[in-house]
Amino acid sequence: MLKPGDQQPADMEVDPSAAAEEKPAIRFSINVLELMREAQMQHGLRQSDYTRYRRYCSARLRRLYKSLKFLHGRGKYTRRNITESTVTDVRYLHIVFYMAERAWSHAMEKKTAGTNAQQRIYMLGRFRKAVKWASLFSQLCSVKGDSRTSLEAEAYASYMKGALFFEQDKNIEVAMINFKNTRAVYEELGKYGSIENQLLCRQRIEEVEPMIDFCSHKLGGSSLQAHELLDTANDLLKAKMEAVLSETRSQQAASMTEFYWLGRRFPITNAKTRVSILKAQQLEKDLNGSATESIAADKKLGIFDKIFSAYHDARSCIRNDLASAGNAENIRDDLNGLDKAVSAVLGLRTIERNQLLVSIAKSKFTKHRDEKNERITKPEELVRLYDLLIQNTTDLTDLVSSGRNKNEEENSFIHEYELKGLAFRAERCFFLAKSYSSAGKRAEAYALFCHARTLTDSTLQQLANSPDKALIQDLKSLCDNCRSNSCIEHATGIMEEESVPLKLSKGVSTMSLGDDKTKENKYLLDMLERYESAIGEPNTKGPCRIAQFPPPFQAVPCNPIVLDMAYNAIEFPSLENRMKKEKKGLLSRFWG
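Conventions adopted
- In this convention, every chain numbers its residues from 1, walking through the sequence in written order.
- Per-residue local features are limited, in this predicted model, to residues with pLDDT of at least 70; the limit for side-chain atom pairs, both in listing and counting, is 80 or more; totals at the level of whole chains, interfaces and linings are taken over all residues.
- Water and hydrogen atoms play no part in the side-chain values, which are based on all heavy atoms of the structure.
- Two strands qualify as a pair provided that DSSP identifies no fewer than 2 bridges between them.
- Here a helix means four or more residues in a row that DSSP labels H or I, a strand means two or more in a row labelled E, and each is numbered from the N terminus.
- Orientation is described by axes fitted as lines to C-alpha atoms, over the contacting stretch for helices, and by angles from 0 to 180 degrees between their N-to-C directions.
- Any angle between 65 and 115 degrees counts as roughly perpendicular, while under 35 counts as roughly parallel, over 145 as roughly antiparallel, and the rest as oblique.
- Should the near helix be turned counterclockwise from the far one by less than a right angle, the crossing is left-handed, whereas a clockwise turn marks it as right-handed.
- Nonpolar residues are Ala, Val, Leu, Ile, Met, Phe, Trp, Tyr, Cys and Pro. Charged residues are Asp, Glu, Lys and Arg, and all others, Gly as well, are polar.
- Note on ring pairs: Phe, Tyr and Trp rings are taken, using the six-membered ring of Trp, and paired if centres are within 6.5 Å. Classes follow the plane angle, with under 30 degrees stacked, over 60 edge-to-face and the rest tilted.
- To sort residues, take the accessible area from a 1.4 Å probe on protein chains only and compare it with the maximum for the residue type: under 20% means buried, over 50% means exposed, and anything in between is partly exposed.
- A ring is scored as having a charge over it whenever the NZ atom of a lysine or the CZ atom of an arginine sits within 6 Å of its centre and within 35 degrees of its normal.
- Residue contacts are counted whenever heavy atoms from the two residues lie within 4.5 Å of one another.
- For the purposes of these results, a polar contact is taken to be a pair of N or O atoms within 3.5 Å, where, inside protein, one atom must be able to donate a hydrogen and its partner to accept one; residues adjacent in sequence count only when each atom of the pair is a side-chain atom.
- Among buried residues, those of type Ala, Val, Leu, Ile, Met, Phe, Trp, Tyr and Cys that are joined through side-chain atoms within 4.5 Å constitute a nonpolar core.

Pairing of strand S1 (residues 258-261) with strand S2 (residues 264-267), which is carried by 4 bridges, proceeds in the antiparallel orientation. Counterpart to Tyr260 in the pairing with S2 is Arg265. Between S1 and S2, which pair antiparallel in sequence order, lie 2 residues; one of them, Leu262, sits at a positive phi of approximately 55 degrees.

On to the packing of helix H5 (residues 117-144) against helix H6 (residues 147-168), then. Between H5 and H6, whose axes approach to 8 Å, the crossing angle comes to 160 degrees. Looking at the two axes, H5 sits roughly antiparallel to H6. Pair H5 / H6 crosses with left-handed handedness. For the contact of H5 with H6, the class distribution of residues is 14 nonpolar, 6 polar and 5 charged.

Per the stated rule, a full pass over the model turns up 20 aromatic pairs. Ring centres 5.7 Å apart and planes at 50 degrees place the aromatic pair Phe97 and Phe137 in the tilted group. Pair noted here: Phe97 is in helix H4 (residues 90-112) and Phe137 is in helix H5, with a separation of 40 residues, a long-range link. Of the two residues, Phe97 and Phe137, neither departs from the other in class, the shared state being buried. The side chain of Arg204 reaches across the aromatic face of Tyr159, ending 4.1 Å from its centre.

With that settled, the discussion passes to the side chain of Asn354. Of note, Asn354 is situated in helix H13 (residues 329-365). Excluding anything up to four places from it in sequence, Asn354 contacts Leu388, Leu389 and Asn392.

With that settled, the discussion passes to the environment of Glu489. Relative to the helices and strands, Glu489 resides in helix H17 (residues 469-509). Linking Glu489 and Gly440, residues 49 residues apart in sequence, is a C-alpha distance of 9.6 Å. Non-local contacts of Glu489, meaning those with residues more than four positions away in its chain, are made with Ser437, Arg442, Ala445, Tyr446 and Phe449. In this structure the side chain of Glu489 is engaged in a polar contact, spanning 2.5 Å, whose partner is the side chain of Ser437.

The angle between the axes and the distance between the axes are what describe a pair of packed helices. The N-to-C vectors of helix H16 (residues 442-462) and H17 enclose an angle of 160 degrees; their axes lie 8 Å apart at closest approach. Taken as axis vectors, H16 and H17 run roughly antiparallel relative to one another. H16 and H17 meet at a crossing whose hand is left-handed.

Before going further, it helps to examine the nonpolar core. Counting residues in hydrophobic clusters, the biggest one holds 64 residues, and the most contacted among them are Phe259, Trp261, Leu396 and Phe413. Of all the secondary-structure elements, those providing two or more residues to this core are S1, helix H11 (271-287), helix H12 (297-323), H13, helix H14 (379-400), helix H15 (408-438), H16 and H17. With 12 residues, the single largest contributor to this core is H13. When neighbours within four sequence positions are excluded, Phe413 is seen to be in contact with Trp261, Leu262, Leu348, Leu396 and Val400. With 55 residues, the next largest nonpolar core counts Ile30, Tyr92, Ile95 and Leu140 among its residues.

Shape is all these values report; function is a separate question.
Given below as C-alpha cells:
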C-alpha cells in the first residue's frame, strides 16, 4: 500500500488521455415540452403577454450566465459561442433554449401589436433568430442529450421552422412538413409516460392542427405532393422516434412480470419477450382507441401487420427459451402456457383483421361502378374470406380447449367463438347462394338461401342470452336478407320457367328455310374505295372489323380424272427366253 508521500510506480501510472477515452460520455436529459410549458404559463403567456415572457427569458439568461460564469467580458462585449465541447453542464442547453424562446416571444410580441412593413421585416428577423437558436439546440441535444431529449428538441426546431415559413407566406409545403413532423413526434410521445405528459402532448397537437389545416387549404391541389414530400423527409425523424419508443418500452417492460390471459397469469422472464408483448399491446390500444373510427382501413391493416410481427417476435423468444430450458419442468410448463396464451391472442387478432377485410369487401359489394371504375367485390371473394374466418375460429377454439383443467373464462370463451363460427357459416352460405344466383342457377340459390336462414335461426336461438348485441343484430339482418332473397329466387325461377315455351315458340316462328337475310359484317379491306366506318355502332364494344380471320372458304376447281381404258386390251410379249435357266446335275436329272 502506498503512503501519502510515496510516488506511484511507473508501471501503475494511468494515462489521463486513456482514462478520458474510457469514461463514458455524459448524456443530459431535458423534458423540453414540460420546461417550455411551465415557463410560458407562469410568466405571461397564460394572458398572452409576450412582453412579460420575453423579459423573463432575458432575466433567466442573465442568471444562467452568472451561475455558469459564462460571461462575455467587462466593458467591451465579446460573444462566447456555445459548441459541443462547451456543453459540460445541462444549463448550457438551457441557455440555447431560452435564447430561442426569447427571440420567438419577441417576434410574437411584434406580431400581436400589429405590424407595418418595417416592423414585419423586424418580426421575420426575430423568427429567423429563433430558428437559428432552435436548430443549434436540436444539434447540441442530438450529441449531448439522451434519445428522448434529442427527439423533443427536433420537434421544437421543426415547429420554429414551420412558424417562420408560415409567417413568410411562402414555401407553405415546407411549413406543413415541419408542422406534421412536430405533430407526429408528440402523437407518439403522448402514448407513454404520465397523465401530465400525455395532456401536454395533446395540447401541443391541438396548437399545431390549425396551422396544418391552413397550410393544406393554401396548397389546394398540391397537398398530395406535400404529403409525398413528408414521407421522404421523415426518415431521420422516424428513426429517432423508433429509438425513443424502444427505449421507453424497455423501461416500461422492466415492471412487466406477468402476462394475463383468460384468468391465468404467466410469468415473463425474458426482457425481449416483455418488450415485444408490450409493443403489441400498445399497438392494440392505438387500434381500439377512441379515435379508431377516424383511422383509414389501410392504416388499420398496417397496424395489424405490426401487431402480428410483434407477437411473432415474442413467440420466437419463447421458443428459444424453451430450447434452452432443459429438463426444468416448472420453467417448461410456464413457457408452454405463455406460448399458448400468445398464440391465442395472435389467433384472435387474425380473426379481427379478417373481419375488417370482410367489412371492406361488403362495403364494395353493393356499390355500383363510379367514375373511378372501382372494382366491385364478387360474392366468391366473400365466400373465400368466410372460409378463412371459419378456419381461424376452429383453430382458436381447438387451441384454447386443448388444456385439461379449463376454468370458467376459458369455457365461456370457447362457447362464444363456437357461436361466432356458426354465424360465419351462415354468412358464407348466404354469399355462396349469391354466387349461384349471379350464375343463373335458381334452384341451387333458393336451396342455399333457405339453408342459410336455418343456420341463422339456430344461431340466434343459442345467442338469446348473449351480451353481444351487435352480433345478434347482424344475424337478424342476415335472416331478413335470406328470406327476401329466397322469395326473389323462387319468383324469378317460376318466371323463367314460364317464359321457356314462349321463347321456344318465338324462336321456331322466326326460323326460315330461305336465304339468310341477316346483316353481313363489312370489313375495311373489302371497302377501301369508299369511306365507311369499320368500328361499328358507337354504343357497342365489339372489335374493329379490319379483315376477316380466318378467311372464308373459296371454291377451287377439281383436278381432271383420267381413266386408263386401253390397259386391258394390250397383249404383252413373252419374256421366257430372257429368263435365266437353272443347270441341273446327273442325279437331279435322274430323279427329275
